[in-house]
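Close look at the chain arrangement
Residues per chain are reported as follows:
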Amino acid sequence: MRLPALPCPPNWPSWTGQVAGASTWPAFVPIDRWQTEAALPEIVARQRSEAEAGALVRTGAGKTILDAIRAEVAAYRAEKTARLVELDAAASAQLRRLRLTLYGVGGVALLASMVSTLVSARRISGSFGRFTAAAQRLTDSESGVRVETRGPTEIQTLSGAFNHMSGGMELAQGLARTHADTLAARSLEEGARILECALPELLPGTRGTLLQHNASRNLLLPLAVWGGETGAATPPDGCWALRRGEAVTPGGDRLAPACLGGPGGTYTCVPLFSHGETLGNMRLRPGIEGAELPADLLALLPGIVRQVSLALAGLRLQDRLVQQTIRDPLTGLFNRRLEDELDAQTAHATASGQPLSLIADGLLDHFKRLNDTFGHDAGDAALVRLSDLLRDLAPPAATRPAPAARNFRCCCPVTIWRRPPPWPNACAPRWQAGP
């Protein structure tokens, strides 16, 4: 007999609406069946009598449904467990693959790092090998030693510093040779010839002029030229370097006009100073028209000019001392040191086979009476006047006459006098005419 459908108690859960995920729960249909066929009939029977409810329970209908639910739950659990095992196996395999990939990538990266380190070490070793060879060449006093500025930034910086050091050493050696040669020079002219040979090496790629003040300090006279430059005397007041006492380089930012000593703004002028005295200036420009002086050369230029100034000052001082030693301060003629010049001229004439003349004339009679009567000032004036006349009459190659008491002697190389020299006859009318 089919039991009538009874309403659920008010507090009885609705399996179809309150069970979370009931639509996906695999035992939903058996549970619904257990609710309909076992649970509700037993509740209704228990309301009527315990015996009827017990008889209903002994039929085992509810147990059968519950066993089916347990079976489905077990099957569901087994399925999900198998799925989890499968997923775990897949995850383990993926993890192994990731580990292998990481090991492979790490190994490749390590190998690449080792190869890169070896290559870099070899390049650095080669660079230091070049530095070692270049340093050995510098030790052997070889000039023009340079290393290539290639490789990493640090090696390029080191190469630039080495090349700068090598250039500085070459400059120092050149200045030392120039200083030694100028110290050995016997005159300012010899020193000028030395500087003409040294300046092109000290200032490569340039041409210019080395100028010095004349005795009146109203002109700058060319002392040495190099690089095909044509030197010319210029007034010192037109040089802005001498006015300002510092180097003046060409450029569009200068407000002052160009120096009067050269084309507008194309020269770099550097004044020459030594012991507080202005000696002259150095005027130079690039050897190629339109080019600019290199920055490293401009950086070395003050040191070069300083050494040239010292050499020039030494030569001027030496020349001044020599002139004071061998010349009479009153007349400007040779003094008794003419004997040294006579020895040198005699040795030269003997070596070259050229004739040599020595002339001694007593042109000034009664010189003591002149001094006693008119005083020493008058005697000095007479000596100066006669010295000027003899200086003008002496042959071009002759040593200037030297006063010795009342006699004047003159050494004339390559001069053969076939008759007495015309000095007395030539001096008389000029002496009478006066200055």
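Every value quoted in this text rests on a predicted model; they were computed, and no experiment measured them. (Residues numbered from 1 in each chain as written. Predicted model: local features only at pLDDT ≥ 70, side-chain atom pairs only at ≥ 80, totals over all residues. Heavy atoms only, no water.)

Here we take up the overall build of the protein chain. Within the protein chain, the regular secondary structure consists of 11 helices and 7 strands. Here the protein chain holds 435 residues, and the buried ones make up 30% of them. Here the contacts in the protein chain between residues at least 6 apart in sequence split such that 55% fall between residues at least 24 apart. Per element, the accessible surface of the protein chain, about 27,300 Å² overall, is 59% carbon and sulfur. (Helix = DSSP H or I, 4+ residues; strand = E, 2+ residues; numbered from the N terminus. Buried < 20%, exposed > 50% of the residue type's maximum accessible area, 1.4 Å probe, protein only. Contact = heavy atoms within 4.5 Å. Areas by Shrake-Rupley, 256 points an atom, 1.4 Å probe, with all protein chains shown as cover.)

The tally for this structure, following the rule as stated, stands at 2 aromatic pairs. Seen in terms of ring centroids, F128 and F131 are 6.1 Å apart; in terms of plane orientation they differ by 70 degrees. Their pairing is edge-to-face. In this pair, F128 and F131 are both assigned in helix α3 (residues 61-139), 3 residues apart and thus about one turn of the helix distant. Centre to centre, the rings of F131 and F162 are 5.9 Å apart; their planes meet at 50 degrees, and the pair counts as tilted. With F131 in helix α3 and F162 in helix α4 (residues 153-184), this pair connects stretches of sequence that are 31 residues apart. Here F131 falls in the buried class, since its relative accessible area comes to 9%. Here the aromatic residues F128, F131 and F162 are joined through ring pairs into a cluster of three or more. Over the ring of W240 we find R243, and its NZ or CZ is 4.4 Å from the ring centre. When the ring centre of Y267 is taken as reference, the NZ or CZ atom of R283 above it lies at 5.8 Å. (Phe/Tyr/Trp six-rings, centres within 6.5 Å; stacked < 30°, edge-to-face > 60°. Lys NZ or Arg CZ within 6 Å of the ring centre and 35° of its normal.)

The subject of this paragraph is the sheet that holds strand β1 (residues 206-213). Strand order in the open sheet made by the 4 strands is β2-β1-β4-β3, with antiparallel pairing throughout. The sheet is open, and its two edges are formed by β2 (220-226) and β3 (268-274), each paired on a single side. Each neighbouring strand pair of the sheet contributes to a mean axis angle of 25 degrees, computed without reference to strand direction. Bridging between β1 and β2 involves 6 bridges; their strand directions are antiparallel. Residue pairing for β2: H213 is matched across the bridge by L220. Running over the sheet, helix α7 (residues 295-326) touches β1, β2, β3 and β4 (277-286) and is turned about 40 degrees from β3. (Pairing = 2+ DSSP bridges. Axes fitted to C-alpha atoms, helices over the stretch in contact; angles between N-to-C directions.)

With that settled, the discussion passes to the environment of R306. Tracing the sequence through the fold places R306 in helix α7. You can call R306 exposed: its relative accessible area is 51%. Separated by 35 residues in sequence, R306 and P271 have C-alpha atoms that sit 9.5 Å apart.

Applying the stated criterion across every chain yields a total of 11 salt bridges. A salt bridge links E196 to R193; the nearest nitrogen and oxygen atoms lie 3.3 Å apart. Of this pair, E196 and R193 both sit in helix α5 (residues 188-202), separated by 3 residues, roughly a single helical turn. R244 serves as the salt-bridge partner of E246, at 2.5 Å between the closest nitrogen and oxygen. On the basis of relative accessible area, E246 is assigned to the partly exposed category, the value being 36%. Through salt bridges that share partners, E42, R46 and E50 make up one connected network. (Salt bridge = Lys/Arg side-chain N within 4 Å of Asp/Glu carboxyl O.)

Attention now goes to the nonpolar core. Side chains of a nonpolar character, in soluble globular proteins, are inclined to be buried together. Core analysis: the largest hydrophobic core is formed by 27 residues, its most contacted members being L203, L210 and M282. Taken together, the elements giving at least two residues each to this core come down to α4, α5, β2, β3, β4 and α7. A per-element tally of this core places α7 first, with 8 residues. With residues up to four places along the chain from it excluded, the contact list for L210 reads L195, L221, P222, L223, A224, W226, L272, N281, M282 and V308. Counting 9 residues, the second largest nonpolar core, distinct from the first, contains L220, C239, W240 and L242. (Core = buried A, V, L, I, M, F, W, Y, C linked by side-chain atoms within 4.5 Å.)

Each pair of packed helices can be described by the angle between their axes along with the distance between the axes. Orientation of α4 relative to α5, taken along the N-to-C sense of each, is 175 degrees, at an axis distance of 10 Å. By the angle between their axes, α4 is roughly antiparallel relative to α5. Together, L171, G174, L175, R177, T178, D181 and T182 of α4 and I194, L195, A198, E201 and L202 of α5 make up the contact between the two elements. (Parallel < 35°, antiparallel > 145°, perpendicular 65-115°, else oblique.)

Relative to each other, α5 and α7 sit at 170 degrees, their axes nearing to 10 Å. For the element pair α5 / α7, the angle class is roughly antiparallel. In contact with L188, G191, L195, L199 and L202 of α5, α7 contributes I304, V308, L312, L315, R316 and D319. A per-class count over the contact of α5 with α7 returns 8 nonpolar, 1 polar and 2 charged. (Nonpolar A, V, L, I, M, F, W, Y, C, P; charged D, E, K, R; others polar.)

Let's shift gears to the side chain of N163. Here N163 is to be found in helix α4. If sequence neighbours within four positions are ignored, N163 has contacts with R146, V147 and T149.

Tallying each qualifying case throughout the model produces 0 disulfides. Cysteine C239 is unpaired, with the sulfur of C269 as its nearest cysteine sulfur at 4.5 Å. (Disulfide = S-S within 2.5 Å.)

A few words on a nonpolar patch on the surface. Residues L100, L102 and Y103 make up a contiguous nonpolar surface patch of roughly 400 Å² in combined accessible area. Here L100 falls in the exposed class, since its relative accessible area comes to 61%. (Patch = residues over 30% accessible without salt bridge, like charges linked within 9 Å, V, L, I, M, F, W, Y side chains within 5 Å.)

Read these as layout, nothing more, since geometry by itself doesn't imply function.
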